[in-house]
Amino acid sequence: MKLQTAGLVLLFIASPLSVQADPWEFSKPIAVTATHGEKIFHHLESSGRHNIAVSADTIAVAWEDNRDATPRIYLARKARNSQSFSNEVQISGQGEAYEPSLIALSNNRFALAWEEDARIHLRLVTPTELGPIISLGEGEATQPGLASDDQQLLLVYSQRDGRYARIWMQDIKINGLALQTKQACAVDAEPAKDEQLFPTIAKLKDRVIVAWEDRRPGHTIIMAAQNDQLNFCHFHPPQRISEGPSSSRMPYGKGHGVARVALAPYGNGQVLAAWADKRNFRDGYDIYSANYQPGNNQLFGPNLSVQDSFGGVAQQWHATVAGDHSGKLVVGWDDKRNGDANIMLSWREDNEWSDDISVPGADGTGEQNHPTISLDAEGNLHLAWIARSTTNGPSRVQYLFGRLID
Amino acid sequence: MRAVLLIISTLFSLAAMAEPPNGYPFQAFDKAMQQARSENKPLFVYFGRYGCGYCEKTNKEAFSDKQVREIYSKNYVLAYVDSESGKRLRLPSGERVTEREVGTRYNAFVTPVFTFMTADGKPLLRLVGVQRIEDLQQADNKVQRLLNKAARL
């Protein structure tokens, strides 16, 4: 194992510069918020890693920090051609708030959902106004994720239901600045048999796909379900989408670990799921992906390793996914293959995952991790991440623009 | 009513937990760090995960030993981290992190990983994978020698 790792490192050092053409030309990073310093810690960690979004001319980043000693949710925005973020606003109320999920609506508007005092809260944001906050349900709920078709918000979250947490979907009507709750339903009609956690949702024209972590087999697996086209709040029985390891690599015990699935719609009705997966258990977590298969009995197809073989020398963390209508698809994560934690990307080209690149400006000394990515309508890449000079030191939120090369 | 809520809350916390060994005073990482600082004791941090087979094996075959239980309960403040859990902790720095993030920072890329740490979280020794009784005894000896040497300096 050690020889194999050393061989890969030597091969990496000895290899000529990559001939692969990166699809994006990256600008220099810029700070998302000027509020940082000792004892201030920022987090980009929504379920599904939706902390950045682009609407028309506006780029928005949502995060949580403890600048006034209480964790709260903040949003900063910038115009595309501006060199700095401004217009920073506090989104959450007076309680302890966590894990904001951000989605773009039309006309420079955004919707956010977050957890505050163990309840899910939501509001809309326009260029000039903050919509009223609505709070959902009466049970202990966490880990919200959002999707939208501009008239309607779809919210998923994990809510305590008896002994275990269970995934719910809530339909929300957008009415100007106001949000109005409509139907809500459990994504799995059967009562939870163990924890259901960290849901994320993708909206297609005529259906939604929800994926989450599920502990029903005695270890964590990724499961997904799609709803019925004719009955919005009726989901087909969920299916496991994270496969087991090959028989030669079977772990001892109930099963291997997986964590934190992300979904992204792309192309014409396609969806990619990506997550951290420890099926090669001696190597730690790798990033695996699977494609939604409309019309197939098996909801998602075979699992594919996203990172290249050099990724085997390091562990991969914090998978984030973005796609666009033209079919572009990119997965981001962080790993320490170059010594420090750097932001890495791989994109789909010629029907396979590209060699990995570390993003210039989101690499180098110190820690660069917790990426969140989005592709705009032109295929440009927008990336935000957490930067630190030391592991437990104060943090910053950084942003970087990748212009699509024609 | 309070009693009912307490029972429900206990059931929830049990449901969310993975499997530290029975009979040991394992506690959450942040609470253990606080205790280690106030008592100036080293930490022994068990990074496991839900359904971890090698954790179960180590629990059955090594942590079940009476002498191991006595040594580890006496010499260390014990912390258990479910490396895939979203449970929130607050570090002495004031930062709020999840158990998974603690696992990431201490590179718990496989489970189990056992890390001996100073009270302020500096790693002293790390054991990766399934452990036998003698492995845990030898590791304790080594850590105690390290600590004694450091105390003499």
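What you see is a predicted model, and the numbers here were worked out from it, not measured in a lab.

Broken down by element type, chain A carries one helix and 31 strands. For 406 residues, the compact-globule estimate of 2.2 N^0.38 gives 22 Å, and chain A sits close to it at 20 Å. For chain A, the C-alpha atoms occupy an extent of roughly 60 × 50 × 40 Å along the three principal directions. By residue count, 53% of the 406 residues in chain A fall in the buried class.

Turning to the nonpolar core, a few remarks are in order. Residues and elements named next belong to chain A. Grouped together as the largest cluster of nonpolar side chains are 146 residues, with contacts concentrated most on L112, V210 and A273. In terms of residue count, strand β20 (residues 258–266) provides more of this core than any other element does, seven residues in total. Here A273 is in contact with A211, I222, A224, I241, V261, L263, S289, A290 and F300, once residues within four sequence places are set aside.

Taken together, the contact pairs 24 residues of chain B with 30 residues of chain A. Secondary-structure elements contributing two or more residues to the side of chain B that touches chain A are α1 (2–16), α3 (53–63) and α5 (99–105) of chain B.

With the exception of glycine, the majority of residues adopt a negative phi angle, and the majority of peptide bonds are in the trans configuration. Residue P112(B) is reached from T111(B) by a cis peptide bond, and omega for that bond is 0°. One can find P112(B) in the loop between α5 and β5 (113–117). At K39(A), a position not held by glycine, the phi torsion is positive, near 70°. Mapped onto the secondary structure, K39(A) falls in the loop between β2 (30–31) and β3 (42–43). The backbone of N108(A) shows a phi angle near 60°, a positive value even though the residue is not glycine. The residue N108(A) is located in the loop between β8 (97–104) and β9 (110–116) in this model. Taking the C-beta count within 10 Å as the criterion, N108(A) has 19 such neighbours and is therefore assigned partly exposed.

Note on sheets: strands pair through backbone hydrogen bonds, and any given pair is parallel or antiparallel. Residue and element names in this part refer to chain B. Across the sheet, which stays open at both edges, the four strands sit in the order β2-β1-β5-β6 with mixed pairing between neighbours. Single-partner strands in this sheet number two, and they are β2 (77–82) and β6 (123–128). Recorded for the sheet is a direction-independent mean angle of 20° between the axes of neighbouring strands. Pairing geometry for β5 and β6, over five bridges, is antiparallel. The partner of F116 across the bridge, within β6, is L125. Sheet strands touched by helix α6 (residues 133–152): β5 and β6. Its angle to β6, the strand with the most contacts, is close to 170°.

So, about the environment of N280(A). Residue and element names in this part refer to chain A. Mapped onto the elements, N280 comes out in the loop between β21 (270–277) and β22 (286–291). By C-beta crowding, N280 is classed as partly exposed, having 17 other C-beta atoms within 10 Å. The sequence separation of N280 and P245 amounts to 35 residues, and the corresponding C-alpha distance is 7.1 Å.

Residue and element names in this part refer to chain A. Counting buried positions along strand β24 (residues 316–323) gives eight out of eight residues, so the element sits mostly inside the fold. Sheet topology note: the β24/strand β25 (residues 329–335) ladder contains six bridges and is antiparallel. Bridge pairing in β25 links A322 to V330. What sits between β24 and β25 in their antiparallel hairpin is a turn of five residues, with G327 showing a positive phi close to 105°.

This brings us to the sheet that holds strand β13 (residues 152–161) of chain A. Residue and element names in this part refer to chain A. Pairing is antiparallel across the open sheet formed by four strands, whose spatial order is β12-β13-β14-β15. In this open sheet, the two strands that pair with only one neighbour each are β12 (141–148) and β15 (178–186). Looking at each pair of strands side by side, their axes are set apart by 25° on average, direction ignored. As paired elements, β13 and strand β14 (residues 164–175) share 10 bridges and run antiparallel to each other. Residue Y157 lies in a different strand from β14, and its bridge partner there is W168.

Moving on to the confidence of the model for chain B. All names here are of chain B. With 88% of its residues at a pLDDT of 70 or more, chain B shows a mean pLDDT of 88. Contacts from residues 1–18, a stretch scored under 50 in pLDDT, to residues over four places away or in other chains number 15 contacts. Across the assembled chains, the prediction reports ipTM 0.88 with pTM 0.91.

About the cut-offs
Residues numbered from 1 in each chain as written. Chains lettered and ligands numbered in written order. Predicted model: local features only at pLDDT ≥ 70, side-chain atom pairs only at ≥ 80, totals over all residues. Helix = DSSP H or I, 4+ residues; strand = E, 2+ residues; numbered from the N terminus. Rg over C-alpha atoms; globule rule 2.2 N^0.38 Å. Buried ≥ 20, exposed ≤ 12 C-beta atoms within 10 Å, placed from the backbone. Core = buried A, V, L, I, M, F, W, Y, C linked by C-beta atoms within 7 Å. Contact = placed C-beta atoms within 7 Å. Pairing = 2+ DSSP bridges. Axes fitted to C-alpha atoms, helices over the stretch in contact; angles between N-to-C directions. pLDDT = per-residue confidence, 0-100.

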